[in-house]
Amino acid sequence: MRRRPTDFRRPVRRRVPDVFWWALCCAVVLLFIYILTKGTQIESRPSLPKRTYKNDRIMEGLNITEEMLSSDSVTRQLNDQISLAKAFVVIAKESNNLQFAWELSAQIRNSQILLSNAATRRSPLTTRESDSAIRDMALLLYQAQQLHYDSATMIMRFKAKIQALEEQMNSVSEKSSKYGQIAAEEVPKSLYCLGVRLTTEWFKNLSLQKKLKDKRQVEMKIKDKNLYHFCVFSDNIIATSVVVNSTAKNSKNPNMVVFHLVTDEINYAAMKAWFTLNDFRGVTVEVQKYEDFTWLNASYVPVLKQLQDSEIQSYYFSGNSDDGKTPIKFRNPKYLSMLNHLRFYIPEVFPALKKIVFLDDDVVVQKDLSDLFSIDLNGNVNGAVETCMETFHRYHKYLNYSHPLIRAHFDPDACGWAFGMNVFDLVEWRKKNVTGIYHYWQEKNVDRTLWKLGTLPPGLLTFYGLTEPLDPSWHVLGFGYTNVDAQLIERGAVLHFNGNSKPWLKIGIEKYKPIWEKHIDYSHPLLQQCNFH
């Protein structure tokens, strides 16, 4: 086979370019690795100062130094010993080992002096200068452990101490509650004095009695259905006066306001004398005593029969029938007063009226209340402000839901409402025989198993499904036991001093007393004589 001519042969490849390209690739790879390494170092550098800065902040907050973080720190060892020794001092004192407690305290002081000296000279403690203190403290701590002052014993002792303090606190709280209740039930000397002087004035001053009899206009007004009728059942003259006076001051038409006051035989003359002697901007005032109500007898009123029962009276006054299980607030003798139960007989007390506003004697009125008489109750009997914004004002907090009668008839989460300012439609009351409903539940509760005591629980049962909610601003509660929001006070029409801290008592809440006191004329001669201030 013939060979091609030389010109047509393929050129032979040279090896030098291949070596060059391999070298270039290696150089690029090395450069990339170098850049990557430098970038990692750059990124990692800022984190070191951050950690250092964070550690500095922790050390500053804990008040420690670098020396204390050392594994062989003498300062830290001394501090740890002092902390443990302080706990052992408490235990030693509890065990009445006063000598040992003194030795521990003395050694704690020695160690603290060493630490203080080191801090003053700003140099760490050395093993040489602290060896004796550490050794002496270690011996005492070992001795404490031999005396069973170990952690488990300490925990048990502290638990026992906490339990004893809790029992002591409960005892003090119970005594405080009892003394508070006693203080709330007292009749201030000034109020007693006023009653006596007014009674004397009534029987001595015949012109007062004549003045009252000559008011024939009063007899016409007290039956006029077109006027604004209010009722108060009370034996407290000055409190009732504040209710009438504050209502009169804030009324747009005081001449259209009629107050029906019902008291007892003891305070009847004094109450008549006070409201005859004083003028309340033209407000008409009628005073009655419940002993004059012929229908009020044990055969018609179940609660009256119960109140006359010797066992019930013993329950209120001695409190021995259930070994003191019932809280003292439910044993208040005021529940024996018929004045407290008359609110369930308003149609019988005022047979000529169609609508009336009931006010407790511990309220202050600061708005005109005439609009209450135009509120549509939508066929209901009772207009009241609901109090179920919090759970303890729902039905299950007042009634015994373990009783089948209560469970069968009443929703435990139904909303409670407040006595103290209530609008009553007496026409609907008579039509629905509400007083009969009240009698039914009172007879069922002869053994006090449906509810304890008071007038609100039977009220919740009696007016269940017959209560129309009113705007909360009509009736603001809590002035006798808690702090009340300033905005609620500003908007409130009737401010209620419910609770034990009544404004006429020394235990009244000082910041709320001016609300009540501004409706009393302390310059009145009788109030001056009886030291009202």
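Residues numbered from 1 in each chain as written. Predicted model: local features only at pLDDT ≥ 70, side-chain atom pairs only at ≥ 80, totals over all residues. Heavy atoms only, no water.

Peer 1: Explain the state of the cysteines residue by residue, including any values.
Peer 2: One pass over the structure, following the stated rule, counts two disulfides. Covalently, Cys193 is tied to Cys530 through a disulfide, its sulfur atoms 2.1 Å apart. With the S-S bond torsion at -70°, the cross-link from Cys193 to Cys530 turns out left-handed. On the criterion of sequence distance, the pair formed by Cys193 in helix α8 (residues 189-204) and Cys530 in the segment after α22 (525-529) is long-range, its members being 337 residues apart. Paired through a disulfide, Cys388 and Cys415 show a sulfur-sulfur distance of 1.9 Å. The chirality of the disulfide connecting Cys388 with Cys415 is left-handed, given an S-S dihedral of about -95°. Of this pair, Cys388 sits in the loop between β6 (382-384) and α16 (404-409) while Cys415 is found in the loop between α16 and β7 (421-425), placing the two residues 27 residues apart along the sequence. By relative accessible area, Cys388 is classed as buried at 16%. (Disulfide = S-S within 2.5 Å. Helix = DSSP H or I, 4+ residues; strand = E, 2+ residues; numbered from the N terminus. Buried < 20%, exposed > 50% of the residue type's maximum accessible area, 1.4 Å probe, protein only.)

Peer 1: Hey, could you go over the pairing of strand β4 (residues 355-359) for me, with residue numbers and the actual values?
Peer 2: Of all five residues making up β4, four are buried, and the element is well covered by its neighbours. Alignment of strand β1 (residues 228-233) against β4, held across two bridges, turns out to be parallel. Across the sheet, Cys231 pairs through a bridge with Phe358, a residue of β4. Bridge count between β4 and β7: five bridges; the pairing is antiparallel. Among the inter-strand pairings, Val357 is bridged to a residue of β7, identified as Val423. (Pairing = 2+ DSSP bridges.)

Peer 1: Which residues make up the pattern of salt bridges, and what are the values?
Peer 2: Counting across every chain of the model gives eight salt bridges. For the salt bridge of Asp360 with Arg343, the shortest nitrogen-to-oxygen distance reads 3.5 Å. With Asp360 in the loop between β4 and β5 (363-365) and Arg343 in the loop between α14 (310-317) and α15 (346-349), the pair connects residues that are 17 residues apart, well separated along the chain. On the accessibility criterion, Arg343 (7% relative accessible area) is buried. Across the salt bridge formed by Asp362 and Lys502, the nearest N and O atoms sit 2.5 Å from each other. (Salt bridge = Lys/Arg side-chain N within 4 Å of Asp/Glu carboxyl O.)

Peer 1: Just give me the short version of the packing of aromatic side chains, but keep the residues and values in it.
Peer 2: Centre-to-centre distance and the angle between the planes together describe a pair of aromatic rings. As enumerated under the stated definition, the model contains 27 aromatic pairs in all. A ring pair is formed by Phe293 and Trp295, whose centres lie 5.5 Å apart and whose planes are at 10°; its orientation type is stacked. Using a relative accessible area of 9% as the deciding quantity, one classes Phe293 as buried. Here the basic side chain of Arg343 rests over the ring of Phe419, its NZ or CZ set 4.9 Å away from the ring centre. (Phe/Tyr/Trp six-rings, centres within 6.5 Å; stacked < 30°, edge-to-face > 60°. Lys NZ or Arg CZ within 6 Å of the ring centre and 35° of its normal.)

Peer 1: Give me the confidence of the model for the protein: which residues, what numbers.
Peer 2: Summarising the model, the protein shows a mean pLDDT of 82, and 75% of its residues fall at 70 or more. Contacts of residues 42-51 to residues separated by more than four positions or lying in other chains number zero contacts, the stretch itself having pLDDT below 50. (pLDDT = per-residue confidence, 0-100. Contact = heavy atoms within 4.5 Å.)

Peer 1: Quick rundown of the sheet that holds β7? Include the residues and the values.
Peer 2: The strand order across the open sheet built from seven strands is β3-β2-β1-β4-β7-β6-β8, with neighbouring strands paired in mixed fashion. Looking at strand neighbours, the two that pair on one side only are β3 (284-289) and β8 (467-469), the edges of this open sheet. Taken pair by pair, the neighbouring strands of this sheet meet at an average axis angle of 25°, ignoring direction. Across six bridges, β1 lies against strand β2 (residues 257-263) in parallel orientation. Within β2, the position partnered with Val232 by the bridge is Leu261. Here helix α11 (residues 237-250) sits on the sheet in contact with β1, β2, β3 and β4, set at roughly 175° to β2. Helix α12 (residues 265-277) contacts β2 and β3 of the sheet and is inclined by roughly 165° relative to β3. (Axes fitted to C-alpha atoms, helices over the stretch in contact; angles between N-to-C directions.)

Peer 1: Pulling in residues and values, what's your account of the sheet that holds strand β9 (residues 475-476)?
Peer 2: Ordered by their spatial adjacency, three strands build an open sheet running β5-β10-β9, and the pairing between neighbours is mixed. For this open sheet the edge positions go to β5 and β9, each flanked by a neighbour on one side alone. Pairing of β5 with strand β10 (residues 494-496) involves three bridges; the strand directions are antiparallel. Within β10, the position partnered with Val364 by the bridge is Leu495.

Peer 1: Give me the lowdown on the nonpolar core, citing residues and values where you can.
Peer 2: In summary, soluble globular proteins display a tendency toward joint burial of nonpolar side chains. Counting 62 residues, the largest nonpolar core has Leu194, Phe259 and Leu359 as the members making the most contacts within it. For Leu359, the residues in contact, after removing those within four places along its chain, are Phe230, Cys231, Val232, Val243, Thr247, Phe259, Val365, Gly420 and Met421. One finds Phe233, Leu339, Leu456 and Leu460 within the second-largest nonpolar core, a separate group that totals 45 residues. (Core = buried A, V, L, I, M, F, W, Y, C linked by side-chain atoms within 4.5 Å.)

Peer 1: Outline unusual backbone geometry, supporting the account with residue identities and numerical values.
Peer 2: For Asn378, which is not glycine, the phi torsion reads 55° and is therefore positive. When you line up the elements, Asn378 lands in the loop between β5 and β6. Even without a glycine there, the phi angle at Asn531 is positive, about 60°. With respect to the helices and strands, Asn531 occurs in the segment after α22.

Peer 1: Go over the pairing of β2, please, and point to the residues and values.
Peer 2: Both faces of the sheet carry side chains from a regular strand, because those side chains alternate between them. Most of β2 is tucked away: seven of the seven residues are buried. The pairing of β2 with β3 spans six bridges and is parallel. Its bridge partner being in β3, Val262 is matched across the sheet by Gln288. With α12 bridging β2 and the parallel β3, this β-α-β connection has right-handed handedness. (Right-handed = clockwise from strand over helix to strand, strands pointing away.)

Peer 1: Go over helix α6 (residues 127-146), please, and point to the residues and values.
Peer 2: Its 20 residues place the ends of α6 27 Å apart at the C-alpha level, agreeing with the 28 Å of an ideal helix rising 1.5 Å per residue. Three or more residues of α6 are buried, namely Ser130, Ala133, Ile134, Met137, Leu140, Leu141 and Ala144. (Expected span 1.5 Å × (residues − 1).)

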